[in-house]
Amino acid sequence: MTPEDKYALKEFLHGVGVFLGASAVFIIILIVLAHFASGGKPINSASFEVVDKYKECDVVRYVPHQVAEYKYFLYCEENK
């Protein structure tokens, strides 16, 4: 192996190391941001939340498990 080949291999390995290091830092940053964005609590189940009133009924927002979708429905006590 010539000195030029050794130098080229050294530069290549240095570039690969920098790329892998930068990728690892980027992934760690994404994981930390995702943790803070979720409020630190995992989303394990669907959620129901009363968001408004309509006449004498509650407007309930339903969010299925890990789906970016909202469904709204009316819940009236007297219709049980």
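Below: a short report on this structure.

Quick look at the environment of Arg61
1) Next: For Arg61, the location among the structural elements is in strand β2 (residues 57-63).
2) Next: Residues within four places of Arg61 in sequence aside, it is in contact with Ser47, Phe48, Glu49, Val51, Tyr70, Lys71 and Tyr72.

Things to note about the pattern of salt bridges
Oppositely charged side chains are able to pair whenever their charged atoms sit close together.
1) Next: On inspection of all chains with the given rule, the structure shows three salt bridges.
2) Next: The residue Arg61 makes a salt bridge to Glu49 at a minimum N-O spacing of 3.0 Å. Of this pair, Arg61 sits in strand β2 while Glu49 is found in strand β1 (residues 47-54), placing the two residues 12 residues apart along the sequence.
3) Next: A salt bridge links Glu69 to Lys71; the nearest nitrogen and oxygen atoms lie 3.2 Å apart.
4) Next: With relative accessibility at 34%, the residue Glu69 sits in the partly exposed group.
5) Next: Taking the relative accessible area as the measure of exposure, Lys71 reaches 40% and is therefore partly exposed.

Criteria and thresholds
Residues numbered from 1 in each chain as written. Predicted model: local features only at pLDDT ≥ 70, side-chain atom pairs only at ≥ 80, totals over all residues. Heavy atoms only, no water. Helix = DSSP H or I, 4+ residues; strand = E, 2+ residues; numbered from the N terminus. Contact = heavy atoms within 4.5 Å. Salt bridge = Lys/Arg side-chain N within 4 Å of Asp/Glu carboxyl O. Buried < 20%, exposed > 50% of the residue type's maximum accessible area, 1.4 Å probe, protein only.

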